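# Structural description and commentary
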Amino acid sequence: MASFLYLLGRLAFRWRWCVALFWVAVLGAVGAGAALAPAAPDSSFSMPGTESQKAFDLLAQRYPGTTADGASARIVFVAPSGQKVTATANKAAIEKAVAEVAGGTQVATAVNPFQAQAVSKDGTTAYSTVSYQAVAKNLTDTTKNTLTDAAQQARDAGLKVEIGGTALEKQPAAGGASEGIGILVAAVVLLITFGSIAAAGLPLLTAIVSVGVGVAAITALGSTLGLASTTSTLAMMLGLAVGIDYAVLIISRYREERGNGYAPQEATARAVGTAGSSVVFAGLTVVIGLAGLSVVGVPTLTKMGLAAAGTVIIAVLVALTLVPALLGFWQRAVQPRAVRKAERKGVRPLHSGKNPAKLNGGARWAKFVLRRPLPILLLAVVGLGVIAVPVTQLHLGTAGDEAKPTSTTERRAYDDLAKAFGAGFNGPLTIVVDAKGAADPKTAVTGIAQKISATSGVVSVSAARFNKAGDTAVFSAVPATAPNDTRTTTLVHTLRDERSSITAGTGATYQVSGTTAINIDSAQKVQGALIPYLGIVVGLAFLLLMIVFRSVLVPLKAALGFLLSVLAALGSVVAVFQWGWLASLLGVHQTGPIMSLMPIFMVGIVFGLAMDYEVFLVSRMREAYVHGEQPKDAMVAGLRTSTRVVVAAALIMMAVFSGFIGADEAMIKMIGFGLAIAVLFDAFVVRLAIVPAAFALLGQKAWWIPRWLDRVLPKVDIEGEGLARRTAAAVPDHAGAPADEEHADHESSVASR
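Quick caveat: nothing in here was measured; it's all calculated off a predicted structure.

### Notes on the overall build of the protein
- Scanning the protein from terminus to terminus reveals 25 helices and eleven strands.
- If you sum the accessible surface of the protein, you get close to 31,400 Å²; carbon and sulfur atoms cover 62% of it.

So, in structure tokens, the structure goes:
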């Protein structure tokens, strides 16, 4: 591996113009394909295999021509204090507003509340349900203005009017400010880390190329492969983070090799041969975590994972080819300022890159850990364990309008309906009755509706609506409790468990669906898939790390450390978004359940990133150990050379993810916070505290592997042992570099001034 990548880096450096033009051509080609490709489909979220999804599919089959995914609005009218909506003037204002909305070109139906009995018992509140023929993002400004203007007219008549539903939802803008904030912070971190504008700019440039190629390819293939417009979100987020990190790793190694006295081309080749090996295996662990999302069985999540995995692969290829090519253009410019000044004066840098006496921050921290490994290990493990405790109270669900700030009309509409009609009104259950086998479908549906209405926890049921064939009916059952209440979950299970007794003698059957039931089913499916998913990705990564590091305990420690960090991160998410700790500080307006996909989502992403840090750090320890260092000295050497890279990489990722905490949407805010805090725990607590403490305690045992297993596993050289023979002629002599490289070095220096 190291020898092959050494040659690849050398060729990329030598043929830098060809490599650079190749990636420009690739970016241009996929960009043109994306521009010419049809628009991505508006694919709906689905949970195959769940009862709610089966009911949804039955509705699509038995009610052809209906737009189940169309936008909707619920206009809520509240009479002034002391009045009722049934008063003549109020009723007239409401009917006028509904009639105006019904006249819109994209409106399918707009229900008159007085005809549909959509008036509260106390007469203070009424609502009109508006259904549209288009999805929310395709509603025109004219349609939205008609809705808001009609509501304003009713307000002018003295009524309080709020609008819920999806019709007025803000559509997320492509790109957004968060990516820009992440890139800006990353640039600052890189500039501080490297002390060179070129060294800071090169990772950003290559990361942008990686993300550009990846996202453009997703867009170009969107229509062909059925990729929704949101599929590229995860690819953009991760592509930017790992693209920067992988370039940083290679550039850091290049600077180290230059400090050892190697000429630019040789230093580049050695950097790609050693650090490039770490990039390959770090990228593989990320790909395993992302591709493993397909185990969950959620098509949307599978597509997002595979698309992001493809972008990570592109980031690896860019790091192994474009980064060494650009190093060929900026041979001296990426060096620290002091080194550049010394070289301009004709002074060669000293051969100090491997000087064990040189203590930087990483080495000093390693020495500190060596003096007291057990207390540090216990403190870190117990600390993360305490932070993870809230996971035991994890309640999965999907936040709706109740999680939005009270400044939004959707939240106020939700509160008004809950106050007038009960907590469960905002989360009705959709009962789909299949009466195809019933002798008298109408009688069968009526009997089922009566028994469901009599079920404890059900407040009311609506009138049944039959399809044209008369063999299928749909009605709503309103629970007594809120959508995210655990008692509502119990009610859904009760209605399903008692199905045989409720339908006995009718010849019909029913299924429970609706948004509330879909959320419940989603949470259960994710919980059921979590253990198999963890088993697959951790098992594959364990095998991969065992091959890379020739050890049993190193991958075991890596897996346990990952579990600690992800559980602590989930515990923090529960504490903030479910319990409300520090919620106001982060702009969380309403606590509630944790997004159903959050655990799987975090496990997949955090696993890949955690293994990145593990490979970055331990590969340098392994390299020092293989080259003759004692285990504890190898640990110090690993932290001396890798700490700055790991810290910079972690800060960059935290900056990228933290940019999403400022989003208005609770879901995006939750994802941003969860990933940022997970990186904080994994990089700074697990990898920089638990890992070195464990190595200090294990000593020689850390690298133990049974002989039979060592013989069976394939041999992969990531420590650069194969480079020792290949590069014997390139050993630095500090007298100068080969003539062609010195000439190129001179040209680069002139260009960088």
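Having seen the structure, we can now continue with the description.
### Here's the deal with the pattern of salt bridges
- Applying the stated criterion across every chain yields a total of 18 salt bridges.
- A salt bridge links Glu266 to Arg10, with the shortest nitrogen-to-oxygen separation between them at 2.9 Å. With a gap of 256 residues between them, Glu266 in helix α9 (residues 264-291) and Arg10 in helix α1 (residues 2-14) connect regions that are remote in the sequence.
- Classification of Glu266 by relative accessible area gives buried; the value is 4%.
- By relative accessible area, which is 22% here, Arg10 ends up partly exposed.
- Close ionic contact of Arg620 with Glu256 constitutes a salt bridge, the shortest N to O distance being 2.9 Å.

### Observations regarding the packing of helix α13 (residues 373-388) against helix α19 (residues 553-578)
- Where α13 contacts α19, the axes come no closer than 7 Å and their chain directions differ by 40 degrees. In terms of orientation, α13 lies oblique with respect to α19. When the axes of α13 and α19 are compared, the crossing they make is left-handed. Contacts between α13 and α19 involve Val381, Leu384, Gly385, Ile387 and Ala388 from the former and Leu564, Leu567, Ala568, Gly571 and Ser572 from the latter.
- Looking at the contact of α13 with α19 residue by residue, the classes come out as seven nonpolar, three polar and no charged.

### Things to note about the sheet that holds strand β1 (residues 72-78)
- Taken in spatial order, the four strands make up an open sheet running β2-β3-β1-β4, and their pairing is antiparallel. Only two strands of the sheet have a single neighbouring strand rather than two, namely β2 (107-110) and β4 (160-165). Looking at each pair of strands side by side, their axes are set apart by 20 degrees on average, direction ignored.
- Sheet topology places β2 next to strand β3 (residues 125-132); three bridges connect them, and they run antiparallel. By the bridge assignment for β3, Ala110 is matched with Val130.
- Along the sheet face, helix α5 (residues 141-156) touches β1, β3 and β4 and points at about 150 degrees away from the line of β4.

### Digging into the environment of Thr148
- Checked against the element boundaries, Thr148 lands in helix α5.
- Distance from Thr148 to Ile163, taken between C-alpha atoms, is 8.3 Å for residues 15 residues apart in sequence.
- Ignoring anything within four residues of it in the chain, the contact list for Thr148 reads Ile163 and Leu168.

### Some thoughts on the side chain of Ser565
- Structurally, Ser565 can be placed in helix α19.
- Taking relative accessible area as the criterion, Ser565 reaches 0% and is therefore assigned buried.
- Apart from the residues within four sequence positions on either side, Ser565 is in contact with Val606, Phe681, Asp682 and Val686.

### So, α1
- In this model α1 runs 18 Å from its N-terminal to its C-terminal C-alpha over 13 residues, within 8% of the 18 Å that 1.5 Å per residue would give.
- Along α1, the positions that sit buried rather than exposed are Ala2, Leu5, Tyr6, Gly9, Ala12 and Phe13. When α1 is viewed along its axis, its buried side chains cluster within an angular range of 135 degrees and face the same direction.

### So, helix α16 (residues 486-497)
- With twelve residues, α16 extends 16 Å from end C-alpha to end C-alpha; this agrees with the ideal 16 Å at 1.5 Å per step.
- Residues of α16 that are buried include every one of Thr488, Thr489, Leu491, Val492, Leu495 and Arg496, and no others. On an axial view of α16, the arc spanned by its buried residues comes to 160 degrees, and they lie on one face. What points out from α16, more than 90 degrees from its buried face, is the exposed set Arg487 and Asp497.
- In this structure Asp485 caps α16, since a side-chain oxygen of it lies 2.8 Å from the backbone nitrogen of Arg487.

### Overview of the environment of Ala363
- Within the secondary structure, Ala363 is located in helix α12 (residues 361-371).
- For Ala363, a relative accessible area of 0% gives the class buried.
- Residues Ala363 and Val636, 273 residues apart in the sequence, show an inter-C-alpha distance of 5.6 Å.
- Ala363 has contacts with Val636, Leu639 and Arg640, leaving out every residue within four places of it along the chain.

### Things to note about the pairing of strand β6 (residues 429-434)
- Here β6 lies mainly inside the structure; five of its six residues are buried.
- Of the strand pairs in this sheet, β6 and strand β9 (residues 472-479) are connected by six bridges, and their pairing is antiparallel. Of the residues in β9, the one forming a bridge with Thr430 is Ser476.

### Notes on the packing of aromatic side chains
- Evaluation of the coordinates by the stated rule reveals twelve aromatic pairs.
- Both rings, one in Tyr246 and one in Phe616, keep their centres 6.3 Å apart while their planes meet at 80 degrees; by these two values the pair is edge-to-face. Pair noted here: Tyr246 is in helix α8 (residues 232-259) and Phe616 is in helix α20 (residues 598-626), with a separation of 370 residues, a long-range link. In terms of burial, Tyr246 and Phe616 fall into one category: buried.
- Ring plane angle 35 degrees and centroid distance 5.3 Å describe the contact between Phe695 and Trp703, whose orientation is recorded as tilted. For the pair shown, Phe695 and Trp703 are each scored as buried.
- Members of the aromatic cluster, joined through ring pairs, are Tyr127, Phe421 and Phe425.
- Taking NZ or CZ as reference, Arg16 lies 4.9 Å from the ring centre of Phe13, over its face.
- Across from the ring centre of Tyr127, 5.2 Å away, lies the NZ or CZ of Arg74, which sits over that ring.

About the cut-offs
Residue numbers here run from 1 along each chain, matching the order of that chain's written sequence. Reporting in this predicted model follows two pLDDT cut-offs: at least 70 for local features of residues, and 80 or more for side-chain atom pairs to be given and counted; totals over whole chains, interfaces and linings ignore these cut-offs and use all residues. Hydrogens are left out, water is left out, and the side-chain values use all remaining heavy atoms of the structure. Only DSSP runs of H or I covering at least 4 residues are called helices, and only runs of E covering at least 2 are called strands; the numbering of each starts at the N terminus. The accessible surface values rely on the Shrake-Rupley method and a 1.4 Å probe; as for residues, cover is taken only from the protein chains in view. We define a salt bridge as a side-chain nitrogen of Lys or Arg found within 4 Å of a carboxyl oxygen belonging to Asp or Glu. For every residue, the accessible area obtained with a 1.4 Å probe (protein chains only) is divided by the maximum for its type, and the residue is called buried under 20%, exposed over 50%, and partly exposed between those limits. Only the stretch in contact is used when fitting a helix axis, every axis being a line fitted to C-alpha atoms; angles between N-to-C directions are given from 0 to 180 degrees. Under this scheme an angle from 65 to 115 degrees is roughly perpendicular, one under 35 degrees roughly parallel, and one over 145 degrees roughly antiparallel; angles in between are oblique. Helix crossings get a hand from a simple test, with the near helix turned counterclockwise from the far one by less than a right angle marking a left-handed crossing and a clockwise turn marking a right-handed one. Should any heavy atoms of two residues lie within 4.5 Å, those residues are counted as being in contact. Each residue is assigned to one of three groups, with Ala, Val, Leu, Ile, Met, Phe, Trp, Tyr, Cys and Pro labelled nonpolar, Asp, Glu, Lys and Arg labelled charged, and all others, Gly among them, labelled polar. Two strands qualify as a pair provided that DSSP identifies no fewer than 2 bridges between them. One fewer than the residue count of a helix, multiplied by 1.5 Å, yields its expected span. Arc definition: directions from the helix axis to the C-beta atoms. As used in this structure description, the phrase polar contact means that two N or O atoms lie within 3.5 Å; if the pair is within protein, one of them must be able to donate a hydrogen and the other to accept it, and residues adjacent in sequence are counted only when both atoms belong to side chains. Each pair of aromatic rings taken from Phe, Tyr and Trp, with Trp reduced to its six-membered ring, is defined by centres within 6.5 Å and is described as stacked if the planes are under 30 degrees apart, edge-to-face if over 60, and tilted in the remaining cases. For a lysine, the NZ atom is tested; for an arginine, the CZ atom; a charge sits over a ring if that atom is within 6 Å of the ring centre and within 35 degrees of the ring normal.

From the geometry alone we can't say anything about function, so treat these as descriptive.
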